Amino acid sequence: MDLAYIPSPSTGVINLGPIPLRGYAFCIIIGVFVAVWFGNKRWIARGGRAGTVADIAVWAVPFGLVGGRLYHVITDYQLYFSDGENWVDAFKIWQGGLGIWGAIALGAVGAWIGCRRRGIPLPAWADALAPGIAIAQAFGRWGNWFNQELYGKPTDLPWALKISEGPNRVAGTYHPTFLYESLWCVGVALLVIWADRRFKLGHGRAFALYVAAYCTGRAWIEYMRVDEAHHILGLRLNVWTALIMFVLAVTYIVISAKVRPGREEVVEPGAAEDAEGVEDAAPDADAAGDTDRDGDAVGDTQAPDAEARDAEAPEKNGTAEAAKNA
């Protein structure tokens, strides 16, 4: 008898009247909002304009969702196109199934389009968003918990995940690989933030560090999973993908550091001038206020002189009258 375990939700859907709120979709949406919010703060700190990250995310997020779904459907085609399966299920994204590799790849295409439209370098934008993407993944993995999917091998550890009987799953307690990856992604985000502050990473190296660090954890977490997957030379396909992406990311960091050392001085043309214009406007407004105040002061000093002239006027008139009478 298991005395301690992580329970799974009885359902992944909460009906708010006629509107179904799906836990998987909710986790993805929360992750996207957090990534954009945090990326915006980092972008502004790098010298960019507020709102630029969100403007480009309008392109990157839809492309990323399509890419993530395509990767999942292509690599797990037997779930949708085998005998007895309904190919229409390939479009039911709310039931789970987003491959991070496809999401990043096609999301980068959307981000490139958005960056081209704004005239900013894609690597700099990616650096600003890198830790936010890792945090978004940390939230997104909890969607697998709602759907009771992508768990690991059977275990009786106190933090085991309890899975109920259902389609394509056997009741029992398993390694909560969703939790392992969620915590790992939080660690990746903290690593990128620290390294970026310590080494002033630029030209896409912060993003490459995120890729390398994530792939390191994904490789061993993927190895623990028991869901159906294609194998090449005894390893799951996603393990090979993680290894290849790790090598590419590390190679990019090394080469980029030699070719383009340091960090970009300008990440968004015109943003610095806008900031200076706002700063310059404030002193001008203060100066104008001082002029008004000085004008009031001058008015006050002139008032007594006018009164003095008014007081002297009767005396002059009286003198003139006396001279006339004399």
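Predicted, not measured: the structure shown is a model, and the values here were computed from it.

K.L.:
Quick question: what am I supposed to make of the nonpolar core here?
P.N.:
Across soluble globular proteins, nonpolar side chains show a tendency to be buried alongside one another. If you look at the biggest cluster of nonpolar residues, it comprises 40 residues, and the most contacted ones within it are Trp43, Trp101, Trp125, Val192 and Tyr210. Mapped onto this core, the elements with two or more residues apiece are α1 (23–45), α2 (52–75), α4 (100–118), α5 (122–140), α7 (177–199), α8 (205–224) and α9 (237–259). Sort the elements by how many residues they give to this core and α8 lands first, with 10 residues. Beyond its immediate sequence surroundings of up to four residues, Val192 is in contact with Ala130, Pro131, Ala206, Leu209 and Tyr210. Counting residues in hydrophobic clusters, the runner-up holds seven residues, among them Trp145, Tyr151, Ile163 and Tyr174.

K.L.:
How should the packing of α2 against α4 be read in this particular structure?
P.N.:
A pair of packed helices can be characterised by two numbers: the angle between their axes and the separation between those axes. In contact at an axis separation of 6 Å, α2 and α4 are set at 150 degrees when each is read in the N-to-C sense. One element, α2, and the other, α4, form an angle in the roughly antiparallel class. Seen along the crossing, α2 lies across α4 with a hand that is right-handed.

K.L.:
How should I be thinking about α4 in this particular structure?
P.N.:
Structurally, the α-helix is built with 3.6 residues per turn, so residues lying three or four positions apart point the same way. Counted at 1.5 Å a residue, the expected span for α4 with its 19 residues is 27 Å, and the 26 Å between its end C-alpha atoms agrees. Packing partners of the buried residues in α4 comprise α2, α5, α8 and α9. Once α4 finishes, Gly119 follows within two positions and takes phi at roughly 70 degrees, a positive value.

K.L.:
Explanation requested: the side chain of Gln78 in the structure shown.
P.N.:
Inspection of the secondary structure assignment puts Gln78 in helix α3 (residues 78–81). The exposure class assigned to Gln78 is buried, which follows from its relative accessible area of 13%. Excluding anything up to four places from it in sequence, Gln78 contacts Glu85, Glu228 and His230.

K.L.:
Would you explain a nonpolar patch on the surface in this entry?
P.N.:
Taken together, the side chains of Phe246, Val247, Val250, Val254, Ile255 and Val259 define a hydrophobic patch exposed on the protein surface, amounting to about 500 Å² of accessible area. With respect to the secondary-structure elements, Phe246 resides in helix α9. Overall, Phe246 belongs to the partly exposed group, its relative accessible area being 33%.

K.L.:
Would you explain the environment of Arg169 in this entry?
P.N.:
Its place among the elements puts Arg169 in the loop between β3 (161–163) and β4 (172–174). Expressed as a C-alpha distance, the spacing of Arg169 and Asp227, which sit 58 residues apart in the sequence, is 8.8 Å.

K.L.:
Mind showing me how you'd approach α1 here?
P.N.:
A rise of 1.5 Å per residue sets the reference length of α1, with its 23 residues, at 33 Å; its end C-alpha atoms lie 33 Å apart and thus fit the reference within 8%. Where α1 is concerned, the buried positions are Gly23, Tyr24, Cys27, Gly31, Ala35, Val36, Phe38, Gly39, Asn40, Arg42 and Trp43. Close packing links the buried residues of α1 with β2 (19–22), α2, α5, α6 (142–147) and α7. Downstream of α1 by one or two residues, Gly47 has phi in the positive range, about 110 degrees.

Criteria and cut-off values
- Residues numbered from 1 in each chain as written.
- Predicted model: local features only at pLDDT ≥ 70, side-chain atom pairs only at ≥ 80, totals over all residues.
- Heavy atoms only, no water.
- Core = buried A, V, L, I, M, F, W, Y, C linked by side-chain atoms within 4.5 Å.
- Buried < 20%, exposed > 50% of the residue type's maximum accessible area, 1.4 Å probe, protein only.
- Helix = DSSP H or I, 4+ residues; strand = E, 2+ residues; numbered from the N terminus.
- Contact = heavy atoms within 4.5 Å.
- Axes fitted to C-alpha atoms, helices over the stretch in contact; angles between N-to-C directions.
- Parallel < 35°, antiparallel > 145°, perpendicular 65-115°, else oblique.
- Left-handed = near helix turned anticlockwise from the far one by under 90°.
- Expected span 1.5 Å × (residues − 1).
- Patch = residues over 30% accessible without salt bridge, like charges linked within 9 Å, V, L, I, M, F, W, Y side chains within 5 Å.
- Areas by Shrake-Rupley, 256 points an atom, 1.4 Å probe, with all protein chains shown as cover.
- Salt bridge = Lys/Arg side-chain N within 4 Å of Asp/Glu carboxyl O.

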